[in-house]
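Breakdown of the fold
As a plain string of letters, each chain reads:
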Amino acid sequence: MAILVDQNTKVLVQGITGRQGSFHTKLMLDYGTKILAGVTPGKAGQTVHGIPVFDSVFDALEKFPEINTSIVFVPANFATDAIFEAIEANIKLIVVITERIPMHDAVKFVNYAKIKGITIIGPNCPGIISPPYSKVGIMPAHIFKEGRIGIISRSGTLTYEVAYKMSKFNFGISTAVGIGGDAIIGTDFIEIYNMFLEDKYTDAVVLIGEIGGDLEERFANYYSKLNNKKPVVAFIAGKSAPEGKRMGHAGAIVSMGMGSAKEKIEAFVKAGIKVADKPDEIPKLLNEVLKR
């Protein structure tokens, strides 16, 4: 079926009256996502694409207690308060699209969410899509076809490119999760992969990493120790990036030889994970690991 979002996902849009919030609310509604309410302080009583707007998350939940997911389009200066409000309201899944949230703020709300048993995807992420049931994010939905391959990615645009390449070879998606490109994120490769392990409708996983940090290395080490696993095909972006230079995402920085594409690829190969040299090779590698 799917992980994280499906036909039972009931969504609240925080920052719904802003330009991005309004624009993507319309696209999510067009996809069939069940959006019940929006929140922008001081804008209660308005509607956006037919969705009622409330002053606070708690006001929205009083009217729609079945809400179980929030997507955050609130500007960076105010996003942390919005995320804490959603956590306090005990919304179980919070997707944070906002970028440029200060790292020390992200540390606080990520740790608080874990204490409360709440899943945060992001910040600085494209969101989640489970075709054809629900899209809680900003990805171009027409690229994602229904199928049995999971995607976990640090890069939004590469997620779209890989999904498009896969669709050309009849590989559809069970769920695609953009975990975010910041140095501090709510949910990592290991946590999402474990969700796919529990999903009987996912046969294999495509992992899209990039330079910087050690998320990929930690996943490779974890994967190598698993007895029961689903096959993984990987791609690492940033092989030509110079050391010490930030490349796009806040988390994409190589420092003192750590977090390089070479290190990540070596870790994957050592763990028995096939690594594509370029996105075009992913369908071929999927055929190999699935023995089609």
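Above: the structure in question.
Summarised in this report is the structure supplied together with it.

A word on the sheet that holds strand 2 (residues 34–39). Taking strand neighbours across the sheet as the criterion, the 7 strands line up as 3-4-2-1-5-6-7 in an open arrangement whose pairing is mixed. Edge positions in the open sheet fall to strand 3 (47–48) and strand 7 (119–121), since each of these has one partner strand only. Of the pairings in the sheet, the one linking strand 3 to strand 4 (residues 51–54) comprises 2 bridges and is antiparallel in character. Bridging across to strand 4, T47 finds its partner in P52. Where helix 3 (residues 76–88) meets the sheet, its contacts fall on strand 1 (10–14), strand 5 (69–72), strand 6 (93–96) and strand 7, and the angle it forms with strand 6 comes to roughly 170°.

Ranked by size, the top nonpolar core spans 44 residues in total, and within it I71, V95 and F219 carry the most contacts. At the level of secondary structure, the elements contributing two or more residues to this core comprise strand 1, strand 4, strand 6, helix 6 (189–198), strand 12 (204–210), helix 7 (215–224), strand 13 (232–237) and helix 8 (261–270). By residue number, the principal contributor to this core is helix 6, which donates 5 residues. For I71, the contacting residues outside a window of four places in its chain are V11, L12, V13, Q14, M28, V95, I97, V136 and G137. In this structure, L36, A37, V96 and I120 belong to the second largest nonpolar core, which totals 28 residues.

Taking 1.5 Å of rise per residue, 13 residues should cover 18 Å, and helix 3 covers 19 Å from first to last C-alpha, within 8% of that figure. Looking at helix 3, one finds that the buried residues are A76, A79, T80, A82, I83, A86 and I87. Along its buried surface, helix 3 packs onto strand 1, helix 2 (57–63), strand 5, strand 6, helix 4 (103–116) and strand 7. N90 occupies a position one or two residues after helix 3 and carries a positive phi of about 65°.

Reading the values: the criteria
Residues numbered from 1 in each chain as written. Predicted model: local features only at pLDDT ≥ 70, side-chain atom pairs only at ≥ 80, totals over all residues. Heavy atoms only, no water. Pairing = 2+ DSSP bridges. Helix = DSSP H or I, 4+ residues; strand = E, 2+ residues; numbered from the N terminus. Contact = heavy atoms within 4.5 Å. Axes fitted to C-alpha atoms, helices over the stretch in contact; angles between N-to-C directions. Core = buried A, V, L, I, M, F, W, Y, C linked by side-chain atoms within 4.5 Å. Buried < 20%, exposed > 50% of the residue type's maximum accessible area, 1.4 Å probe, protein only. Expected span 1.5 Å × (residues − 1).

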